[in-house]
Amino acid sequence: MSEKKWIIAGVVIFVTVVAFPFWFNLGKAAPAPELELTEKAKELNHGKCVMPTDYMQSEHMQLLDLWRHSVVRNAKRTFVNSSGQEFNMSLSNTCLECHSNKAEFCDRCHDYASVRPYCWDCHIDTPKETE
Amino acid sequence: MNLKYMYSLLAVIVLFLVSYILAGTGMAFKVLFGIILPYAALLTFIIGFISRIRNWARSAVPFRITTTCGQQKSLPWIKPNAIDNPFSKGAVVIRMFLEIVLFRSLFRNTRLKMKAGPKITYNLEIFLWVGALAFHYAFLTVLLRHLRFFTEPVPILVQLLETVDSFFRIEILYDINQFGLPGVYISGLVLLAAVTYLFLRRVFIPNVKYISLAADFFPLFLIFGIAFTGILMRYVTKIDVVAAKELTMGLVSFHPTIPEGLASIFYVHIFFVSILLVYFPFSKLMHIGGIFFSPTRNMTADTRATRHINPWNYPVHVHTYEEYEDEFREKMVEAGLPVVKQPVETPPEETEKKE
């Protein structure tokens, strides 16, 4: 029957589409990215970031957005974290000071999660801002 | 209160609470929600889907019941409507394609109204069509976008889709409040809005409410739950995206892992998706496969030109008139009844043949 041919073709297409992630990744090892901390990041501030690691992992973009708003709109550059430490709100001078290895630190996760933040439209790898 | 949607709503709320609480209790339930159920759900989905299709493929189509919305091809001087009254296989394919991508049959929706006079009017009612288009295309976009969690490296087309989807950089920013830095995907919000509309329409339009069943509400609530938890994870209580991808990549590469530090809300999301996959083959959601098997849409409307043979017709033993006459010829002649073939014993009177 000619209908049977079309139905089988349809089922084959259905299974191929549904199983796409399985055959696309076949034979490819895709381990989760490992981040490299620079010596400076390990030493400075006792190896601690401005906020706890858990928070930074999931919400650093939020923090950076608030920093940008504070600096650009309110001209307030001082960030006080939960344990009372003060930091200069600056991506280039504070974050990238320690995490100067953008390729091994920022990009690995961003590429893995297919995120293209527009931070780097203006901020380049490791510049020194002049104030 | 309407029991039909209350039961569905309660079911989704209970599923939410159960998965949220259990995922927080320990590793065993994380393995259940993150590994076992997704695999089982996908298997159920594929096998169930194929068995439904097998069932439809085996069903006989006794009648040619094409729905037509235009003039059939008949006499050469009558202009036929090629697409809405498909005469050839090609026209059927075109009509089916347009139905699937544009939902043309929903566009025909009209609403009857009585006006002073009394006068009956039929108004074009396109909101269902708009809502359905928004819903289906938003859902498709969301689905394709999620390939970023299931592929490594992420295909360029998926990245392109993400860029287009986050084209509107919606940011709401105050000193203490921040929204929109993981770029806002418009498709997620459209999906949530469309599913809300499709629900409200079933509640507020009386005649639609009358025909709505629990099976109509449950998928709406479930998809609402999926979209809601997804949006929650992205914009409000942020989860560790890298850990999430580690889990999903583990699933598709058959090396399942449960990474550290994934919030319970993630397990709720993945549990809801598993429920949807399991529910799919047993429900009205099968219209994705069913549309291809609708005799009203997949048949040509050429009944005036070719005869449709009912496949149920089996070879019937018929007693023809010739056989009947053979059996009763003598008796018929005796009774003086006319017969087609004269009996052999009595030679016919008209023996003289004209030359």
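Residues numbered from 1 in each chain as written. Chains lettered and ligands numbered in written order. Predicted model: local features only at pLDDT ≥ 70, side-chain atom pairs only at ≥ 80, totals over all residues. Heavy atoms only, no water.

To continue, consider the overall build of chain A. A count of helices and strands for chain A gives six helices and two strands. Starting at the N terminus and ending at the C terminus, chain A contains elements arranged as α-α-α-α-β-β-α-α. In terms of overall size, chain A is more extended than a compact globule, its C-alpha atoms giving a radius of gyration of 23 Å where 131 residues would be expected to give roughly 14 Å. Here the C-alpha coordinates of chain A stretch approximately 80 × 35 × 30 Å along the principal axes. Within chain A, the proportion of its 131 residues that are buried is 35%. Contacts in chain A between residues at least 24 apart in sequence constitute 60% of all its contacts with a sequence separation of at least 6. Taken as a whole, chain A presents about 8,500 Å² of accessible surface, with 60% of it coming from carbon and sulfur. Here chain A carries 14 positive and 17 negative side-chain charges, and the mean point of each set is 6 Å from the other. (Helix = DSSP H or I, 4+ residues; strand = E, 2+ residues; numbered from the N terminus. Rg over C-alpha atoms; globule rule 2.2 N^0.38 Å. Buried < 20%, exposed > 50% of the residue type's maximum accessible area, 1.4 Å probe, protein only. Contact = heavy atoms within 4.5 Å. Areas by Shrake-Rupley, 256 points an atom, 1.4 Å probe, with all protein chains shown as cover. Lys, Arg positive; Asp, Glu negative; His and termini not counted. Charge placed at Lys NZ, Arg CZ, Asp CG, Glu CD.)

Moving on, we come to the packing of helix α2 (residues 27-58) of chain B against helix α11 (residues 264-279) of chain B. Residue and element names in this part refer to chain B. Interhelical geometry of α2 versus α11 gives an angle of 20 degrees and a closest axis separation of 8 Å. Judged by the inter-axis angle, α2 sits roughly parallel to α11. The crossing of α2 and α11 is left-handed. Where α2 approaches α11, its residues K30, F33, G34, L37, P38, A41, L42, T44 and F45 are matched on the opposing element by Y267, I270, F271, S274, L277 and V278. Classifying every residue of the contact of α2 with α11 by side-chain character gives 11 nonpolar, three polar and one charged. (Axes fitted to C-alpha atoms, helices over the stretch in contact; angles between N-to-C directions. Parallel < 35°, antiparallel > 145°, perpendicular 65-115°, else oblique. Left-handed = near helix turned anticlockwise from the far one by under 90°. Nonpolar A, V, L, I, M, F, W, Y, C, P; charged D, E, K, R; others polar.)

As a further point, take a nonpolar patch on the surface. A contiguous nonpolar patch, built from B:F167, B:F168, B:I186, B:L189 and B:V190 and spanning about 440 Å² of accessible area, is present on the exposed surface. One can find B:V190 in helix α7 (residues 186-204). (Patch = residues over 30% accessible without salt bridge, like charges linked within 9 Å, V, L, I, M, F, W, Y side chains within 5 Å. Salt bridge = Lys/Arg side-chain N within 4 Å of Asp/Glu carboxyl O.)

The next subject is the interface of chain B and chain A. Taken residue by residue, the interface counts 41 residues in chain B and 32 residues in chain A. Counting each side, the surface lost to burial between chain B and chain A is near 3,300 Å², with a carbon and sulfur contribution of 68%. Across the contact surface, chain B and chain A share two salt bridges. With its nearest N and O atoms 2.9 Å apart, the salt bridge here joins A:R116 to B:E162. In this assembly, chain B and chain A are joined by 10 residue pairs in polar contact (both at pLDDT 80 or more). Secondary-structure elements contributing two or more residues to the side of chain B that touches chain A are α2, α6 (156-165) and α10 (241-252) of chain B. Looking at the side of chain B that touches chain A, the element that brings in the most residues is α2(B), giving eight residues. Per-class residue counts for the side of chain B that touches chain A are 26 nonpolar, five polar and 10 charged. (Buried area = accessible area lost by both parts, 1.4 Å probe. Polar contact = N/O pair within 3.5 Å; in protein donor to acceptor, adjacent residues only side chain to side chain.)

This paragraph deals with the pairing of strand β1 (residues 110-115) of chain B. Residue and element names in this part refer to chain B. Looking at chain direction, β1 and strand β2 (residues 119-124) are connected through six bridges and run antiparallel. Within β2, the residue paired with M114 across the bridge is I120. What sits between the antiparallel neighbours β1 and β2 is a turn of three residues, in which G117 has the positive phi angle 150 degrees. (Pairing = 2+ DSSP bridges.)

Judged by nonpolar contacts, the single largest core of 64 residues is most densely connected at B:F45, B:L247, B:L262, B:F266, B:Y267 and B:F272. For this core, the element with the highest residue contribution is helix α9 (residues 214-236) of chain B, accounting for 11 residues. Contacts of B:F272, omitting those with residues within four sequence positions, involve B:V12, B:L15, B:F16, B:L222, B:G225 and B:I226. Formed by nine residues, the second largest nonpolar core is a distinct cluster that contains A:V50, A:M51, A:F87 and A:M89. (Core = buried A, V, L, I, M, F, W, Y, C linked by side-chain atoms within 4.5 Å.)

What follows covers the packing of aromatic side chains. All chains considered together, the criterion is met by 29 aromatic pairs over all chains. Relative to B:F271, the ring of B:F33 has its centre 4.9 Å away and its plane inclined at 70 degrees; by these criteria the two rings are edge-to-face. You can see B:F33 sitting in helix α2 and its partner B:F271 sitting in helix α11, a full 238 residues away along the chain. The burial state of B:F33 is the same as that of B:F271; both residues are buried. Ring centres of B:F45 and B:F280 lie 5.2 Å apart, and the angle between their planes is 85 degrees; on these two criteria the pair is classed as edge-to-face. Here B:F280 lies in the loop between α11 and α12 (287-290) and B:F45 lies in helix α2, a separation of 235 residues in the sequence. Here B:F280 falls in the buried class, since its relative accessible area comes to 15%. A network of ring pairs unites the aromatic residues A:F14, B:F45, B:F49 and B:F280 as a single cluster. Sitting over the ring of A:W120, A:K102 keeps its end group 4.8 Å from the ring centre. Over the face of the ring belonging to A:Y112 we find B:K245, whose NZ or CZ atom lies 4.7 Å from the ring centre. (Phe/Tyr/Trp six-rings, centres within 6.5 Å; stacked < 30°, edge-to-face > 60°. Lys NZ or Arg CZ within 6 Å of the ring centre and 35° of its normal.)

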